[in-house]
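Residue-level structure breakdown
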Amino acid sequence: MKKIMVIFGTRPEAIKMAPLIHALQAHPDLQPIVCVTAQHRQMLDQILTLFNIKPDVDLDLMRPNQNLAELSSRVLDKLSPIIAEYQPDAILVQGDTTTTFCAALAAFYHNIPVGHVEAGLRTGDIQSPFPEEMNRVLTTKLARWHFAPTSYNRETLLAEGINEEVVFVTGNPVIDALLWVKHNILANSVAKQVATATVSRPYILVTGHRRESFGSGFESICQALKQIALNHPEIDIVYPVHLNPSVQEPVSRILASVSNVQLIAPQDYTAFIALMDKSLFILTDSGGVQEEAPSLGKPVLVMRDKTERVEALKAGVKLVGTDTHKIVTESERLLTDPDYFNSMAEAINPYGDGTSAINIVEILANTLK
Ligand code: UD1
Ligand code: UDP
């Protein structure tokens, strides 16, 4: 049996690692060791419960309003003895968070090979998304296997000089997670009703949390949401607000008093998928949501200036930045122009067919043999 340590810490990493953990559990030659840094606490636990994952190690690292340097040093400091104790044959990390990069670095210090899930995404601008673009670049340097969601991501890595024999196009396990939830839980009509019980009118779904937008970018986003809500009393805006205090503060200050804006707590993944599925369209800066929405045939306006998910731009996803006027204008167009809306609402899935986790696990099993 080869031991594969799966390390993650935030909500999106948990969603994308869950199908991999299930696939590792089912594999005859591989054994997962699940280690969570708990860079997120509540938002991570929602996902662990849903996918029935009980971590072998929980570092419980989240602190209120943590900063990047202290979080990074805690991850490195606390992970090192765990890696030394378990001596895994390989370590898997996912995406571009502080946990991703610091876990890859800790693995490197212990000379354990690292597999990077969701490899090869780039905007080409180290300030955007911040600090994620740098985390991706550095994690690529540390990884032994690169699991690229698309062939475009693979080409990006090859252009950076990564050996083609260690770059694999596998799809993104976010689609595995989405399909698992759709089939196993949303097919259950009671669960679906509970998930969408809070909304009875047509609504736009919103999420937002990117660090590079903190301050004026977030003020501008919230002003746009307020204007859309006031212009359209016949619809709601439903916004599950990220728990980061830098997000909570401007959102509640600007939007709490607007009667057709519903500010709600972060939703568990099932409820959130149900909310996406029933929405008119989605305004977001999230990476994961840009990957999921095309599968559901939902138009997405991305409140960022740059994207690393270029495939989504052909699948109903459009960049609108954080400018108030642009967000309002683009939203108005989706609300009032059915032809335009329909051109963005075709269900397309550039990120795989739900077999990504199995693909990755098979590659690992073959190379570790
Ligand atoms: C992190 C990732 C980002 C990812 C995002 C997903 C980094 C640098 N950022 O950003 O790439 O897209 O997660 O959501 O790795 N908090 C809670 N409870 C939670 C989660 C967060 O209270 O369950 C609050 C805490 O006060 C915490 C703060 O949010 O200190 C920031 O969390 P952190 O993980 O540092 O940054 P995110 O903005 O969540
Ligand atoms: N999500 C969720 N509940 C919510 C909001 C989002 O489960 O209330 C899911 C969403 O479907 C996606 C992921 O969380 O899979 C995105 O996480 P986040 O926006 O925190 O991070 P990012 O994708 O931007 O890194």
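A brief structural summary.

How each quantity is defined
- Residues numbered from 1 in each chain as written.
- Chains lettered and ligands numbered in written order.
- Predicted model: local features only at pLDDT ≥ 70, side-chain atom pairs only at ≥ 80, totals over all residues.
- Heavy atoms only, no water.
- Near = heavy atom within 4 Å.
- Polar contact = N/O pair within 3.5 Å; in protein donor to acceptor, adjacent residues only side chain to side chain.
- Areas by Shrake-Rupley, 256 points an atom, 1.4 Å probe, with all protein chains shown as cover.
- Helix = DSSP H or I, 4+ residues; strand = E, 2+ residues; numbered from the N terminus.
- Nonpolar A, V, L, I, M, F, W, Y, C, P; charged D, E, K, R; others polar.
- Pairing = 2+ DSSP bridges.
- Contact = heavy atoms within 4.5 Å.
- Axes fitted to C-alpha atoms, helices over the stretch in contact; angles between N-to-C directions.
- Buried < 20%, exposed > 50% of the residue type's maximum accessible area, 1.4 Å probe, protein only.
- Phe/Tyr/Trp six-rings, centres within 6.5 Å; stacked < 30°, edge-to-face > 60°.
- Lys NZ or Arg CZ within 6 Å of the ring centre and 35° of its normal.
- Right-handed = clockwise from strand over helix to strand, strands pointing away.
- Expected span 1.5 Å × (residues − 1).

The local shell around ligand 2 holds 15 residues, among which Arg11, His209, Gln267, Gly288 and Glu292 are the closest. In this structure, arginine 11 approaches ligand 2 through a side-chain N or O atom, which is 2.9 Å from an oxygen atom. Calculation on ligand 2 without its partners gives an accessible area of 530 Å², and the protein chains cover 95% of this total. Of all the secondary structure elements, the ones that give two or more residues to the shell around ligand 2 are helix H1 (11-26), helix H11 (269-278) and helix H12 (287-296). Of the residues forming the shell around ligand 2, the biggest block, four residues, is contributed by H12. Residues of the shell around ligand 2, tallied by class, amount to seven nonpolar, five polar and three charged.

Let us now look at the sheet that holds strand E5 (residues 114-117). In spatial order, the strands read E3-E2-E1-E4-E5-E6-E7; together these seven strands make up an open sheet with parallel pairing. In this open sheet, the two edge strands, each paired with only one partner strand, are strand E3 (57-58) and strand E7 (167-169). Inspection of the sheet shows strand E1 (residues 2-8) paired to strand E4 (residues 90-94) by three bridges, in the parallel sense. The residue bridging isoleucine 4 from the neighbouring strand is alanine 90, located in E4. Sheet strands touched by helix H3 (residues 68-86): E1, strand E2 (30-36), E3 and E4. Its angle to E1, the strand with the most contacts, is close to 165 degrees. Here helix H6 (residues 151-159) sits on the sheet and contacts strand E6 (145-148) and E7; the angle it forms with E7, its principal contact strand, is near 165 degrees.

As a further point, take the side chain of histidine 146. Tracing the sequence through the fold places histidine 146 in strand E6. Apart from residues no more than four positions distant in its own chain, histidine 146 is found in contact with His116, Ala119, Thr140, Leu157, Ile162, Val166, Val167 and Phe168.

With that settled, consider the side chain of threonine 140. When you line up the elements, threonine 140 lands in helix H5 (residues 132-142). Under the relative-accessibility criterion, threonine 140 is labelled buried at 2%.

Right, let's talk about the packing of aromatic side chains for a bit. On inspection of all chains with the given rule, the structure shows five aromatic pairs. One residue, arginine 333, lies across the ring of tyrosine 340, its end atom 3.6 Å from the ring centre.

This part takes up unusual backbone geometry. What you tend to see is this: most non-glycine residues have negative phi, and most peptide bonds are trans. Of note, the bond from serine 128 into proline 129 is cis; its omega dihedral lies within 30 degrees of zero at 0 degrees. Within the secondary structure, proline 129 sits in the loop between E5 and H5. Here the bond from phenylalanine 130 into proline 131 is cis, since omega is 0 degrees, no more than 30 degrees from zero. Unlike most non-glycine residues, glutamine 87 shows phi in positive territory, near 45 degrees.

Read from one edge of the open sheet, six strands run E10-E9-E8-E11-E12-E13, paired in parallel fashion. With partners counted over all chains shown, the strands left at the sheet margins are strand E10 (261-264) and strand E13 (317-319), one partner each. When strand polarity is set aside, the average angle formed by the axes of neighbouring strands in this sheet is 20 degrees. Bridge count between strand E8 (residues 203-206) and strand E11 (residues 282-284): two bridges; the pairing is parallel. In the sheet register, leucine 205 faces E11, and the bridge partner there is isoleucine 282. Strands in contact with helix H9 (residues 216-231) are E8, strand E9 (236-240), E10 and E11; relative to E9, the strand with the most contacts, it is inclined by about 150 degrees.

Within E1, five of the seven residues are buried, which leaves it mostly tucked inside the rest of the structure. Two strands pair when backbone bridges link them, and E1 and E2 are joined in this way by seven bridges, in the parallel orientation. Within the sheet, the bridge partner assigned to methionine 5 lies in E2 and is isoleucine 33. A crossover connection joins E1 to the parallel E2 through H1; in handedness this β-α-β unit is right-handed.

Here we come to the site of ligand 1. The environment of ligand 1 is formed by 24 residues, the closest being Gln39, His40, Gln42, Arg63 and Glu132. Between glutamine 39 and ligand 1, the recorded distance is 2.8 Å, taken from a side-chain N or O atom to an oxygen atom. Within the contact set of ligand 1, an oxygen atom lies 2.9 Å away from a side-chain nitrogen or oxygen of glutamine 66. Across the complex, the protein chains shield 95% of the 740 Å² of accessible surface that ligand 1 would expose by itself.

What follows covers helix H13 (residues 324-336). With 13 residues, H13 should cover 18 Å at 1.5 Å per step; its first-to-last C-alpha distance of 18 Å lies within 8% of that length. Packing partners of the buried residues in H13 comprise H9, E11, strand E12 (300-302), E13 and helix H14 (338-344).

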